[in-house]
Amino acid sequence: MSSIKLKRVGLENDVLQKCSRAKLSTCQDILSKNEVELMKLLDLGLFEVRSVLHTVSRKACPQFLTALEMKKDQSWQFCETGLKDLDLVLKGGLLIATLTEIAGPSGCGKTQFCLMVASKVAHMSVSNKKIPTQSVVYIDTENAFSAERLVEIATSNNPDMCDEDITELASNVHIFFEETCASLLNRLENMEEFLIEKNVKLMVVDSIASLVRKEFDNQLNKNLIERTNLLAKEANILKYLAESFSIPVIVTNQITTRYGKREETEQQEIDADTSEDMETPGEGGYVTAALGNTWSHCVNTRLIVQYLNAPYRQILIAKSPVAPFAAFVYRIQKKGLVLEATFYLEQGIMQSITRIKR
């Protein structure tokens, strides 16, 4: 909450101008100063400074709800993925105002899934001119985004699109390429105004893991602490953006092989980016989503994709506040992910086909 821009707090224009001249742009900038410092920086009296601090503090502090208020407000909203059976089990799709993670090995369809959802959201205002333009923010850390593939998915699912519609849809998807953890964090910290300006209805980070695993050595305790703190900060910002702007946020994650018992903390991690490694992690090892337990507790919904016998793959609902554990078999085609079959845990077959630990 401390990263909220002062422009959105409700301060008077003259105070905002003084804050701008003093290079104070967020709630954190104000709250990190004492009253005397703010009096000097803003050229305000004590009572005026206290009024500013009161206004900023009320905006920065998380709002609370009673259990009764939460019970009355059960108006869950969802963003459809384009996979009807998956949306049905998820009670409508990806839950708005939450963080959804899709984890799996390289080439299994994580980016394809993101492009499918992005094209569907961007197409809404193209197909219905009565609603305002809806945009998508797509943050790419692996140079995996393909405009051609985005258009192919959109036109395959909506064959009546004309050239003008394709141009409009592509214009509604805004791509940011980030190559370092610092640049990604900076992008997230300064994303609020862009979300407002472009009426963004979906945010994608593909992937959250690649930069972290590239820059931090997991064998060093110091790096492990810094990595955990960075991930917690990124998760906090992503969840704040999702909740404040009522949008779904999708992040992709890689997988890793861990050795030892699952309850042991901070085990040795080895990249497992192929299906062969998934199937044979080694004696005493298991495959799971990367980035550790701290990150796993930050996501609201976790979907896992994994290989089956070619050309089939599988998507699992491993964690969800609204849906049971379920599995879906799919293939990747022009339309993106195309479901072939659905399985539920109650059918008693999940133990034999699930290979990535939840």
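Our subject is the structure that appears above.
Residues numbered from 1 in each chain as written. Predicted model: local features only at pLDDT ≥ 70, side-chain atom pairs only at ≥ 80, totals over all residues. Heavy atoms only, no water.

## Let's talk about empty space enclosed by the protein
Definition in use: Only protein atoms enter the 1 Å grid used here, on which a cavity is any set of points holding a 1.4 Å probe that cannot leave and a pocket is any open set flanked by protein within 12 Å on both sides along at least five of seven lines; residues with an atom within 4 Å of a point are listed as lining. Grid points are joined across faces, edges and corners, and a volume is the space filled by probe spheres set on the points. Under this grouping Gly is polar, as are all residues other than the nonpolar Ala, Val, Leu, Ile, Met, Phe, Trp, Tyr, Cys and Pro and the charged Asp, Glu, Lys and Arg.
Summed over the entire model, instances satisfying the criterion amount to 2 cavities of 30 Å³ or more. Estimated volume of the largest cavity: approximately 40 Å³. Lining the largest cavity, in full, are Leu-90, Gly-93, Leu-94, Leu-95, Thr-100, Thr-301, Ser-320, Pro-321 and Val-322. For the lining of the largest cavity, the class distribution of residues is 5 nonpolar, 4 polar and no charged. Roughly 30 Å³ of volume is contained in the second largest cavity. In this structure, the second largest cavity is lined by Asp-140, Thr-141, Glu-142, Asn-143, Phe-177, Glu-178 and Glu-179.

## What to know about a negative patch on the surface
For the record, the criterion: Only residues whose relative accessible area exceeds 30% and that take part in no salt bridge are eligible for patches, with like-charged residues grouped when within 9 Å of each other and nonpolar side chains (Val, Leu, Ile, Met, Phe, Trp, Tyr) grouped when within 5 Å. Reported accessibility uses the Shrake-Rupley method at a 1.4 Å probe radius. Residues are deemed covered only where the shown protein chains occlude them. We count a salt bridge whenever a side-chain nitrogen from Lys or Arg sits within 4 Å of a carboxyl oxygen from Asp or Glu. Charge counting treats Lys and Arg as positive and Asp and Glu as negative, with His and both chain ends excluded. By convention, the point assigned to a charge is CZ for Arg, NZ for Lys, CD for Glu and CG for Asp. Only runs of H or I of at least four residues qualify as helices and only runs of E of at least two qualify as strands under DSSP, and these elements are numbered from the N terminus. Each residue's exposure class comes from its accessible area (1.4 Å probe, protein chains only) as a fraction of the maximum for that residue type: buried when under 20%, exposed when over 50%, partly exposed otherwise.
Residues Glu-12, Asp-14, Asp-43 and Glu-48 make up a contiguous surface patch of negative charge. Considering the arrangement of structural elements, one finds Glu-48 in helix H4 (residues 46-60). Owing to a relative accessible area of 45%, Glu-48 belongs among the partly exposed residues under this scheme.

## Quick word on the packing of aromatic side chains
Centre distance and the angle of the planes are the two values used to describe a pair of aromatic rings. Applicable threshold: For this analysis, a ring pair means two rings from Phe, Tyr or Trp (six-membered ring only for Trp) whose centres lie within 6.5 Å, classed as stacked if their planes differ by under 30 degrees, edge-to-face if by over 60, and tilted for the remaining angles.
By the definition in use, this model includes 2 aromatic pairs. Judged by centre distance (5.3 Å) and plane angle (80°), the rings of Phe-176 and Phe-194 are edge-to-face. Taken together, the positions of Phe-176 in strand S5 (residues 173-177) and Phe-194 in helix H11 (residues 192-197) put the pair 18 residues apart, joining distant regions of the chain.

## Section: the pattern of salt bridges
One pass over the full model with this rule turns up 9 salt bridges. Between Glu-192 and Arg-8 there is a salt bridge, and its shortest N-O distance comes to 2.4 Å. With a gap of 184 residues between them, Glu-192 in helix H11 and Arg-8 in the segment before helix H1 (13-21) connect regions that are remote in the sequence. Looking at Glu-192, the relative accessible area reads 2%, which means it is buried. Glu-80 is the partner of Lys-120 in a salt bridge, and the nearest nitrogen-oxygen pair spans 3.7 Å. Here Glu-80 lies in the loop between strand S1 (78-79) and helix H6 (84-89) and Lys-120 lies in helix H7 (residues 110-127), a separation of 40 residues in the sequence. The class of Lys-120 is partly exposed, set by a relative accessible area of 29%.

## A few points about the pairing of strand S3 (residues 99-103)
Selection criterion: By this definition, two strands are paired if DSSP reports at least two bridges between them.
Across the 5 residues that make up S3, a large majority, 5, are buried. Where burial is concerned, the two faces of S3 agree: the one with Leu-99, Glu-101 and Ala-103 and the one with Thr-100 and Ile-102 are both buried. Of the strand pairs in this sheet, S3 and strand S7 (residues 249-253) are connected by 5 bridges, and their pairing is parallel. Its bridge partner lying in S7, Ala-103 is registered against Asn-253.

## Let's talk about H4
Which entries qualify depends on this criterion: Expected helix span is taken as 1.5 Å per residue step, with the number of steps being one fewer than the number of residues. Arc definition: directions from the helix axis to the C-beta atoms. Contact between two residues is taken to exist if any of their heavy atoms lie within 4.5 Å; hydrogens are not considered.
Look at H4: 21 Å from first C-alpha to last across 15 residues, which is about the 21 Å you get at 1.5 Å a residue. Within H4, the full set of buried residues consists of Val-49, Val-52, Leu-53, Val-56 and Ala-60. Angular distribution of buried residues about the axis of H4 spans 100°; they occupy a single face of the element. Opposite the packed face of H4, turned more than 90 degrees from it, sit the exposed residues Phe-47 and Arg-58. If you follow the buried residues of H4, they end up packed against H1, helix H2 (27-31) and helix H3 (35-42).

## Remarks on the environment of Ala-242
Locating Ala-242 in the fold gives a position in helix H13 (residues 221-245). The spacing of Ala-242 and Leu-202 is 40 residues in sequence and 8.8 Å in space, taken between C-alpha atoms. With residues up to four places along the chain from it excluded, the contact list for Ala-242 reads Ala-97, Thr-98, Ile-247 and Val-249.

## A word on the packing of H3 against H4
Condition: Every angle, taken between N-to-C directions, lies between 0 and 180 degrees, and every axis is a line fitted to C-alpha atoms, over only the stretch in contact when it is a helix. Should an angle fall under 35 degrees it is taken as roughly parallel, and over 145 as roughly antiparallel, whereas 65 to 115 is taken as roughly perpendicular and any remaining angle as oblique.
Orientation of H3 relative to H4, taken along the N-to-C sense of each, is 105°, at an axis distance of 9 Å. Considering their axes alone, H3 and H4 lie roughly perpendicular with respect to each other. From H3, Glu-35, Leu-38 and Met-39 reach across to H4, where they touch Leu-46, Val-49, Arg-50 and Leu-53. Looking at the contact of H3 with H4, its residues break down into 5 nonpolar, no polar and 2 charged.

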